[in-house]
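Now for the letters of each chain:
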Amino acid sequence: MNKNIIKIGNKKISKDSPVFIIAEAGVNHNQRLDLALKLIDVAALCGADAVKFQTARAEQVVTAAGEMADYQKKNLGVTESQLDMLKKLMLPEEWYPKLIKRSREKKIIFLSTPHGGFESVDFLQKLNVPAFKFGSGDLTNLPVLQYAAKFKKPMILGTGMATMAEVKEAIECIKKTGNKKIIALHCTTNYPCPLNEVNLKAMETMMQELDVLIGYSDHTLGVQVPIMAVTMGACVIEKHFTLSKKMSGPDHKASLEPDELKKMVEAIRNAENAFGSMVKKPTKAEEKLKKIARKSIVANLDIKKGDKFTVNNLAIKRPGTGLIPKEY
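Every chain's residues receive numbers from 1 upward, in the order its sequence appears when written. In view of the model being predicted, local features appear only for residues whose pLDDT reaches at least 70, and side-chain atom pairs are presented and counted only at 80 or more, with totals across whole chains, interfaces and linings using the full set of residues. As a rule here, side-chain values cover all heavy atoms of the structure and leave hydrogens and water aside.

Caption draft 1: Expanded view of the pairing of strand E3 (residues 20-26). Partly exposed describes any residue whose relative accessible area lies between the buried limit of under 20% and the exposed limit of over 50%, with all areas from a 1.4 Å probe on protein chains only and scaled to the type maximum. Elements are defined by DSSP. Helices are runs of H or I of four residues or more, strands are runs of E of two residues or more, and each kind is numbered from the N terminus. The element E3 is largely enclosed, with a buried count of 7 among its 7 residues. Neither face of E3 is exposed, since Phe20, Ile22, Glu24 and Gly26 on one face and Ile21, Ala23 and Ala25 on the opposite face are all buried. Both E3 and strand E10 (residues 236-240) contribute to a ladder of 5 bridges, which runs parallel. What sits directly across from Glu24, in E10, is His240. Taken together, the 4 bridges between E3 and strand E4 (residues 50-55) define a ladder with parallel strand orientation. Two strands form a pair only when DSSP identifies at least two bridges running between them.

What follows is the structure, given as structure tokens:
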């Protein structure tokens, strides 16, 4: 069993710790500070451990030749260059102190994906973020992963679109820096992701083959799949959320609304509560019920001294206060 223990802020992440829940705000702030602050409030109110945004300047992410993904065209109802789209979605750098301050006030961990490579890593490092979370698109961006790993902070990796060989290569690249604080998230890069593309069993393979902590980043509709991932052993869950699916933007439609996010967090905590320990033994309530529910050997008829016990004069009935049935 994986014995790794990683700390992000005041939260401990391990196979035996409560699931670390990342509420992914992403670009759902629509480049409005009031919405970004509200997303932090909602994430905290719903019980998430961390709220995550994306950090970059659009020109650091894509060239003018980059095209929008099909889901982005569909959700936005327009077709433009990816560069033009991202210019409208990136967080202005002057907002970060206010966002971090609000996160501290709400007692939720502030994270952001260094979407713009080296420059974004440097920017977030100066802000002293407690971990680096890289999206699936940067899994093969080994130079940036290696650069960020040298700061010795926890590294969370999305693995959508990747083969196991690519995941192993990224992990090995990070470990070569001496940083072993790695969490790999199984993921399918599709928004929304249909159920037949989730492939949750691949997460179990990752647990068997990778000597790092494993979690799940979800892009399906609803909350069923992330809860399933928790029951399969995911120690981190990441899920997009929004203030309203009706808002304009590429990711709102595939995100949870506040009431759904709250239900997901509650369901995960309930699942954890039901896990218990690996010891099979009666609970305190069961100990009390044993005498009532279990059975004893009793006399079915009046039995005189010297009579032989038979199936006719013996019976096995409640309560369980006498000879146990195996003595029959």
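Caption draft 2: Quick look at helix H10 (residues 224-231). For H10, every residue scored as buried is listed here: Val225, Pro226, Ile227, Ala229 and Val230. Note on contacts: a residue pair qualifies if any of its non-hydrogen atoms lie within 4.5 Å across the two residues. Buried positions along H10 lie against helix H9 (201-209), strand E9 (213-218), E10 and helix H11 (258-275). After H10 finishes, the residue Gly233 shows a positive phi value of roughly 115 degrees.

Caption draft 3: Inspection of the packing of aromatic side chains at higher detail. Between rings of Phe, Tyr and Trp, where Trp is taken as its six-membered ring, a pair exists when centres lie within 6.5 Å; planes separated by under 30 degrees are stacked, by over 60 edge-to-face, and by other angles tilted. Within the structure shown, the criterion is met by 7 aromatic pairs. A centroid spacing of 5.9 Å and a plane angle of 25 degrees characterise the contact between Phe53 and Phe110, whose relative ring orientation is stacked. Residue Phe53 is found in strand E4, and its partner Phe110 is found in strand E5 (residues 109-114); the two are separated by 57 residues along the sequence. Each of the two residues, Phe53 as well as Phe110, counts as buried. Here the aromatic rings of Phe132 and Phe151 are separated by 6.2 Å at their centres, their planes lie at 50 degrees, and the arrangement is tilted. Residue Phe132 is found in strand E6 (residues 132-134), and its partner Phe151 is found in the loop between helix H7 (142-149) and strand E7 (155-158); the two are separated by 19 residues along the sequence. Relative accessible area serves as the criterion here: at 0%, Phe132 is assigned to the buried category.

Caption draft 4: Highlighting the side chain of Ser14. Positionally, Ser14 belongs in the loop between strand E2 (11-13) and E3. With a relative accessible area of 7%, Ser14 lands in the buried category. A distance of 2.6 Å separates a polar atom in the side chain of Ser14 from a polar atom in the side chain of Ser17. When neighbours within four sequence positions are excluded, Ser14 is seen to be in contact with Asn4, Ile5, Leu213 and Cys235. Throughout this description, a polar contact denotes any pair of N or O atoms lying within 3.5 Å of each other; where both atoms belong to protein, one of them has to be capable of donating a hydrogen while the other can accept it, and for residues adjacent in sequence the pair is counted only when both atoms sit in side chains.

Caption draft 5: Spatial organisation of the pattern of salt bridges. Salt bridges are defined by distance alone: a side-chain nitrogen of Lys or Arg within 4 Å of a carboxyl oxygen of Asp or Glu. Counting across every chain of the model gives 13 salt bridges. A salt bridge links Asp34 to Arg32; the shortest N-O distance between them is 2.7 Å. In this structure Asp34 comes out as partly exposed when scored by relative accessible area, which is 42%. When its relative accessible area of 42% is taken as the criterion, Arg32 is described as partly exposed. Between Asp218 and Lys239 there is a salt bridge whose closest N-O contact spans 2.4 Å. In this pair, Asp218 sits in strand E9 while Lys239 sits in strand E10, placing the two residues 21 residues apart along the sequence. An identical accessibility class is assigned to Asp218 and Lys239; each is buried. A cluster of three or more residues bridged by salt bridges with shared partners is formed by Lys11, Asp49, Arg269 and Glu272.

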